[in-house]
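# Working through the structure, step by step
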Amino acid sequence: MVTPLVMVMPYKAFVKKATQEGFAVSAIWDPSLASVMPTGPAGFPAYLKEVEGLAEDFILADFTDAEEFAETIEKAAANSGAQQIYHVGQETSMLAAYEIADELGKAVNPPRSIRLLNDKAEMRKLLTAHGLSSVQYAYAQRWQDVESMIGDFRLPAIVKPTDLAGSRGVLKLTDRAQLADWGRLLESYDYTGPVLIEEFLDGPEFSVESISVRGEHHIIGITRKILGPPPSVVEAGHVHPVAESSQTKAIATLTRHLLRVTGYQNGPAHTEVIWTKRGPKIVESQARLGGDRIPQLVEMATGFDIERAIFRALKGEALDPKTRSDVARVHYFSFKPGVLRSVDGLDAVRDLDFVAELSFPFSPGDVIPETVDSKTRHGYVTLSGKDEAETETRLELIKSLVTVVTE
Ligand SMILES: Nc1ncnc2c1ncn2[C@@H]1O[C@H](COP(=O)(O)OP(=O)(O)O)[C@@H](O)[C@H]1O
Ligand SMILES: [Mg+2]
């Protein structure tokens, strides 16, 4: 039996796996969302064509036009007979989609849970109200208001927009003189919304990959995050999974608590946690899978297909068991910014049997940018090994094989 399902901005893999699990997907996309392409907007029209080819039905809409968005979702549900409307794409349109779905009685999750997860200020307020993960923070309507509030914080502190993603506009502030630079950074993203100041949580950072099934939160695994150099907070890599310990258990418990108090019911969550001297503290959580190839790392390391699990969970079926116990890693390259003169060794790396994927989206003559957010990184490699030490040695070999000359 095939079950109709309306999905807002489903990535290709989601349409494929939903179909494998017996869903007929009506896919709704916004043709202006080329920013979803990890290596630049050029391939977006072709990508949408592929989604269209895989989906049962394919409808385009302007997600920023509230009326058009609502009408499109409503029509897709009516035409397909779908009883469920799902959104596991980018945060920006997620809450609006769930509100529309909820009005139709077809939301996979209560909109409130999405609002609490999407909005970093709402999440902090909720956690404080429940006495969970106490973190000193303050809310400001505009970045310009931070100057007068920063005196209440010990530096370094973190300043960030309440609802951007991809490390955009998040800065580690060691000196209040950096506030003007931060303001310019926010302006470069056309961001004029509210911001948060937070105490700097000092310690190793993890993310928790989970799947919720009717309000029961299954922790699939914990990932360790490797950060690039400050003051930006851009991920330089991830290792999955972190071996189980009392620390990972405490991180998992805190994550379950957070998801429970938001009322989140069904689907993936990606929750970021820093382990401080005062225990685990939540950075943020989103109602979608982790980015940065984390779902691929989960599969490489454990054999568990977390994308497919999303749709098994939607059917209320038991999740598949893990079939491997390796460790996988993604490493983001960081070269000297400048004009690329030459690059060597990429194919030698791709030929290594422990390498799954290598992306280097530049050709000679292109500018290798300074890394300020996740989009301005310099490509990546994913690899696996029997344990973390082996992935480390293998990564060193990879780095020694790649030669990039910029000037
Ligand atoms: N209060 C904090 N203390 C220390 N580091 C933080 C804090 N808040 C954010 N960060 C760092 O900045 C990164 C990006 O912040 P986050 O809130 O996750 O924004 P984004 O939505 O852009 O991912 C985090 O992964 C973490 O490394
Ligand atoms: Mg984050």
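Residues numbered from 1 in each chain as written. Chains lettered and ligands numbered in written order. Predicted model: local features only at pLDDT ≥ 70, side-chain atom pairs only at ≥ 80, totals over all residues. Heavy atoms only, no water.

Looking at an unreviewed UniProt entry, one finds the chain named ATP-grasp domain-containing protein and attributed to Amycolatopsis xylanica.

## Things to note about the overall build of the chain
Across its full length, the chain holds twelve helices and 19 strands. Radius of gyration (C-alpha) of the chain: 21 Å, near the 22 Å computed for a compact globule of 407 residues. In the chain, buried positions account for 52% of the 407 residues. Once local pairs closer than 6 in sequence are excluded, the contacts in the chain between residues at least 24 apart make up 65%. Element-wise, carbon and sulfur atoms account for 50% of the exposed surface of the chain, whose accessible area totals about 18,000 Å². A gap of 5 Å separates the mean positions of the 43 positive and 57 negative side-chain charges of the chain. (Helix = DSSP H or I, 4+ residues; strand = E, 2+ residues; numbered from the N terminus. Rg over C-alpha atoms; globule rule 2.2 N^0.38 Å. Buried < 20%, exposed > 50% of the residue type's maximum accessible area, 1.4 Å probe, protein only. Contact = heavy atoms within 4.5 Å. Areas by Shrake-Rupley, 256 points an atom, 1.4 Å probe, with all protein chains shown as cover. Lys, Arg positive; Asp, Glu negative; His and termini not counted. Charge placed at Lys NZ, Arg CZ, Asp CG, Glu CD.)

## With respect to the coordination of the magnesium ion (ligand 2)
Coordination of the magnesium ion (ligand 2) by the protein is provided by E272 (OE) and E284 (OE), with metal-donor distances spanning 2.0 to 2.1 Å. Placement of the pair is E272 in strand β12 (residues 267–276) and E284 in strand β13 (residues 279–286), with a sequence separation of twelve residues. You can call E284 buried: its relative accessible area is 12%. (Donors = N, O, S within 2.8 Å, 3.2 Å for Na, K, Ca; no water.)

## Points about helix α4 (residues 94–103)
Working note: α-helix, 3.6 residues per turn, so residues spaced by three or four point in the same direction. The set of residues buried in α4 consists of M94, L95, A97, Y98, I100 and A101. Looking at the packing, one finds that the buried side of α4 touches β1 (3–8), α3 (66–80), β4 (85–87) and α5 (111–118). Once α4 ends, the next one or two residues include G105, with phi positive near 70 degrees.

## Focus on the UniProt feature "domain: ATP-grasp" (unreviewed entry) in the chain
Under the feature "domain: ATP-grasp" (unreviewed entry), the UniProt entry names residues 124–315. Secondary structure across residues 124–315 comprises 27% helix and 32% strand; the distance between its end C-alpha atoms is 32 Å. (UniProt positions renumbered as here; feature names shortened; annotations may be inferred.)

## Considerations on helix α1 (residues 12–20)
Among the residues of α1, F14, V15, K17 and A18 are the ones counted as buried. Looking at the residues trailing α1, positive phi occurs at G22, about 95 degrees.

## Details of the site of ligand 1
Looking at ligand 1, there are 21 residues lining it, with K120, K160, S167, E205 and E272 nearest. At 2.6 Å, a backbone N or O of S167 approaches an oxygen atom of ligand 1. Contact with the protein chains removes 97% of the 540 Å² of surface that ligand 1 exposes when unbound. Elements represented by at least two residues in the shell around ligand 1 include exactly β6 (157–161), β8 (195–199), β10 (216–227), β12 and β13. In terms of residue class, the shell around ligand 1 is made up of ten nonpolar, two polar and nine charged. (Near = heavy atom within 4 Å. Polar contact = N/O pair within 3.5 Å; in protein donor to acceptor, adjacent residues only side chain to side chain. Nonpolar A, V, L, I, M, F, W, Y, C, P; charged D, E, K, R; others polar.)

## Things to note about the pattern of salt bridges
Here the structure, examined in full by the defined rule, presents 30 salt bridges. Across the salt bridge formed by K225 and E205, the nearest N and O atoms sit 3.1 Å from each other. Taken together, the residues K225 in strand β10 and E205 in strand β9 (residues 205–213) connect sequence positions 20 residues apart. The same class applies to K225 and to E205, which are both buried. In this structure, R312 and E317 form a salt bridge, with 3.2 Å as the shortest nitrogen-oxygen distance. (Salt bridge = Lys/Arg side-chain N within 4 Å of Asp/Glu carboxyl O.)

## Structural notes on the sheet that holds β8
Spatial ordering of the open sheet is given by β5-β8-β6-β7, a layout of four strands whose pairing is antiparallel. Since the sheet does not close on itself, it has two edges, and those belong to β5 (137–140) and β7 (171–173), each with one partner. The mean inter-strand angle of the sheet, taken between neighbouring strand axes irrespective of direction, is 25 degrees. With five bridges connecting them, β6 and β8 associate as antiparallel partners. Looking at β8, one finds that I158 is bridged to E198. (Pairing = 2+ DSSP bridges. Axes fitted to C-alpha atoms, helices over the stretch in contact; angles between N-to-C directions.)

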